[in-house]
Amino acid sequence: MTLTTIERHIVEEERRHGLTSGTLTNLLYDIAVAAKVISREVRRAGLTNIIGSTGDVNVQGETVQKLDIYANDLLSGYLAKSGRVCAIGSEELAKPIMVPEKQAGKYVVNLDPLDGSGNIAVNASIGTIFSILPKLGQGAATEADCLQPGRNQVAAGYVMYGSSTVFVYSTGLGVYGFTLDPTVGEFVLSHSRIRYPGHCKFYSINEGYASYWDEPTRRYIEWVKGIDPASHRPYGHRYIGAMVADFHRNMLEGGVFLYPRDNKDPQKTTGKLRLLFEANPMAFLAEQAGGAATTGTERILTITPTDLHQRVPVIVGMASEVERYENFVRQSH
Ligand code: AHG
Ligand code: MN
Ligand code: MN
C-alpha cells in the first residue's frame, strides 16, 4: 500500500516540476489545514445548535455562528496571516480584504467559503471553493488584483464535505483528489489525475426553473432527454443544490452542470453563480480534467471581470456536452 498525504504530494509535485519557491505549495497546504477545521465544524453542525442553549451562545460561551460566516472568517483570517497572500476576495464580503503590505505575499485568493449553504440544515453535501491568482504588479495590491480573468489562475480547487471530506485541486498539471482520514487527520491521495470518463451519464440543472429558461437551454435539455442508446440517452438527472457536489459527481462519473441565464428576475438575466468565486475555479478544474466551461457564447476562463460579485451563466463539465450546448446557442441566433 502506498500512502501519500496531501503535504507530501504537493511537495513532490513541486519538485517534479522544478518549482522552487514553495509559496504556492504552502498556500495550498494552508487551505487544506483550514478545510480540516471547517470539516470538523461541519461534522458537528447539528450538535452545535443543540449544545448552544440560548441558540446564540454555546456552552463555552462562544457565539454560535452560521457555518458560512464561520468558514469565511476562519479561511480569510488564516490566509491573511500566512504571509503568502496580498488580497482575499470572498462571496461573503462586499469588498476584498487587503493584507497590510508588511505581511503581504504574492498571491490573491478568491473564495466561496461555504457553497450550497442551503444544504446545511438538512445534512446534505456542502463545499468550499478557492481560486488562486498571482499579484498583478508592484506595490500595494488593489481590488483589481481580484478581478483577473480565470485563465490567470495558478491553482484552483474545492473541498467537499460529503459522506467523507475530499480536497480536489489543480495547479495546471492535472486534477488530484484527497480524502480526509478523520482518524489521523490527514488528507490522503485517493484520486490521481482525474479525467472526465468516455461518455456522459448525468446532467445537473434546476429543472424547476424550466419555464424561465431561454430557448437554447430548453432545446438542449430536451435533447438530453431524448431516447438514443447509441449516445447513452436519456442521461440521468442529478441535482443536489451545491455546485461542488454536482460538479464532483459529474467529473468522476461523466456529466454536465448547468446554471444558465434565465428570465426569472428581469433585472438579473445573468444566472446566479459568481464568476470569481464559483465559475472560474470550477472552469479551471474542468479544463484540467479534459472538460470545458462556457456561458453559452464565451469560454468562462477568458472573461474579464468587471465586478467582484459578478454573476455569469455557467455550463461546465464534459467537453462534448459543453460544445453541444454552444451549438444549440449558435443555432438559435
Ligand atoms: P452558495 O451557497 O455559495 O450561495 O451557492 C449556492 C449555489 C450553488 O452551489 C448551487 O448549485 C446553486 O446555488 C443552487 O441554486 P438553485 O437553488 O437556484 O438551484
Ligand atoms: Mn456557492
Ligand atoms: Mn457560498
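From a predicted model like this one, the values you see are computed outputs, not experimental measurements. (Residues numbered from 1 in each chain as written. Chains lettered and ligands numbered in written order. Predicted model: local features only at pLDDT ≥ 70, side-chain atom pairs only at ≥ 80, totals over all residues. Heavy atoms only, no water.)

What follows covers the overall build of the protein chain. Broken down by element type, the protein chain carries 9 helices and 13 strands. Compactness check: the protein chain gives a C-alpha radius of gyration of 20 Å against a globular reference of 20 Å for 333 residues, within 12% of the reference. Summarising its shape, the C-alpha atoms of the protein chain cover approximately 55 × 50 × 50 Å along the three principal directions. A burial count over the protein chain gives 52% of its 333 residues as buried. Residue pairs in contact within the protein chain that sit at least 24 positions apart in sequence constitute 62% of those at least 6 positions apart. Taken as a whole, the protein chain presents about 14900 Å² of accessible surface, with 50% of it coming from carbon and sulfur. (Helix = DSSP H or I, 4+ residues; strand = E, 2+ residues; numbered from the N terminus. Rg over C-alpha atoms; globule rule 2.2 N^0.38 Å. Buried < 20%, exposed > 50% of the residue type's maximum accessible area, 1.4 Å probe, protein only. Contact = heavy atoms within 4.5 Å. Areas by Shrake-Rupley, 256 points an atom, 1.4 Å probe, with all protein chains shown as cover.)

As a further point, take the domain arrangement of the protein chain. When its domains are assigned, the protein chain resolves into domain 1 (6-191) and domain 2 (202-331). Here the C-alpha centroids of domain 1 and domain 2 sit 24 Å apart. Contact residues are listed per partner, giving 45 residues for domain 1 and 29 residues for domain 2. Our count for the domain 1 to domain 2 interface comes out at 1 salt bridge. With a shortest N-O distance of 3.4 Å, R274 and E91 are connected by a salt bridge. Where domain 1 touches domain 2, the interface holds 12 residue pairs in polar contact (both at pLDDT 80 or more). Elements supplying a minimum of two residues to the side of domain 1 that touches domain 2: strand 1 (85-90), strand 3 (107-115), strand 4 (126-134), helix 5 (143-146), strand 5 (155-161) and strand 6 (165-170). (Domains from an automatic or database assignment. Salt bridge = Lys/Arg side-chain N within 4 Å of Asp/Glu carboxyl O. Polar contact = N/O pair within 3.5 Å; in protein donor to acceptor, adjacent residues only side chain to side chain.)

Here we take up the site of ligand 1. Taken together, 18 residues form the shell around ligand 1, and within it D115, N206, Y239, M243 and Y259 come nearest. In this structure, G116 approaches ligand 1 through a main-chain N or O atom, which is 2.8 Å from an oxygen atom. Take Y209: an N or O atom from its side chain is 3.0 Å from an oxygen atom of ligand 1. Against a free-state accessible area of 470 Å², the protein chains account for coverage of 86% of ligand 1. Those elements giving two or more residues to the shell around ligand 1 turn out to be strand 3 and strand 11 (255-259). When residues of the shell around ligand 1 are assigned to their parent elements, the largest contribution, 3 residues, is made by strand 3. (Near = heavy atom within 4 Å.)

In this section: the coordination of the manganese ion (ligand 2). At 1.8 to 2.2 Å from the manganese ion (ligand 2) lie its protein donor atoms, namely D112 (OD), D115 (OD) and E278 (OE). In this structure, the manganese ion (ligand 2) lies 3.7 Å away from the manganese ion (ligand 3), the two metals sharing D112 as a donor. Taken as a pair, D112 in strand 3 and E278 in helix 8 (residues 275-288) lie far apart in primary sequence, 166 residues in all. (Donors = N, O, S within 2.8 Å, 3.2 Å for Na, K, Ca; no water.)

We now examine the sheet that holds strand 13 (residues 314-317). Strand order in the open sheet formed by 5 strands is 10-9-11-13-12, with mixed pairing between adjacent strands. Only two strands of the sheet have a single neighbouring strand rather than two, namely strand 10 (236-237) and strand 12 (292-294). Sheet topology places strand 9 (residues 202-204) next to strand 11; 3 bridges connect them, and they run parallel. Bridging from a neighbouring strand, F202 pairs with G255 of strand 11. (Pairing = 2+ DSSP bridges.)

According to the stated counting rule, one finds 13 aromatic pairs in the structure shown. Aromatic pair F130 and F167: ring centres 5.7 Å apart, planes at 35°, arrangement tilted. With F130 in strand 4 and F167 in strand 6, the pair connects residues that are 37 residues apart, well separated along the chain. Ring plane angle 55° and centroid distance 5.5 Å describe the contact between F167 and F187, whose orientation is recorded as tilted. Of this pair, F167 sits in strand 6 while F187 sits in strand 8 (residues 186-191); the two residues are 20 residues apart in sequence, bridging distant segments of the chain. Exposure remark for F167: the relative accessible area of 0% places this residue in the buried category. (Phe/Tyr/Trp six-rings, centres within 6.5 Å; stacked < 30°, edge-to-face > 60°.)

Moving on, we get to the coordination of the manganese ion (ligand 3). Looking at the manganese ion (ligand 3), the protein donor atoms are E91 (OE), D112 (OD) and L114 (O), and they sit 2.2 to 2.4 Å from it. On the accessibility criterion, D112 (0% relative accessible area) is buried.

Across all of its chains, the model carries 0 disulfides by this definition. Not engaged in a disulfide, the cysteine C86 finds its nearest cysteine sulfur in C146; these two sulfurs lie 7.8 Å apart. (Disulfide = S-S within 2.5 Å.)

Taken as a whole, this structure holds 11 salt bridges when the rule is applied. Between R274 and E278 there is a salt bridge whose closest N-O contact spans 3.2 Å. For R274, a relative accessible area of 14% translates into the label buried. Taking the relative accessible area as the measure of exposure, E278 reaches 2% and is therefore buried.

Okay, the pairing of strand 8 next. Where strand 7 (residues 175-181) and strand 8 come together, 5 bridges link them in antiparallel fashion. Of the residues in strand 8, the one forming a bridge with L180 is F187. If you look at the hairpin formed by strand 7 and strand 8, you'll find 4 residues sitting between the two strands, and G185 has a positive phi there, around 70°.

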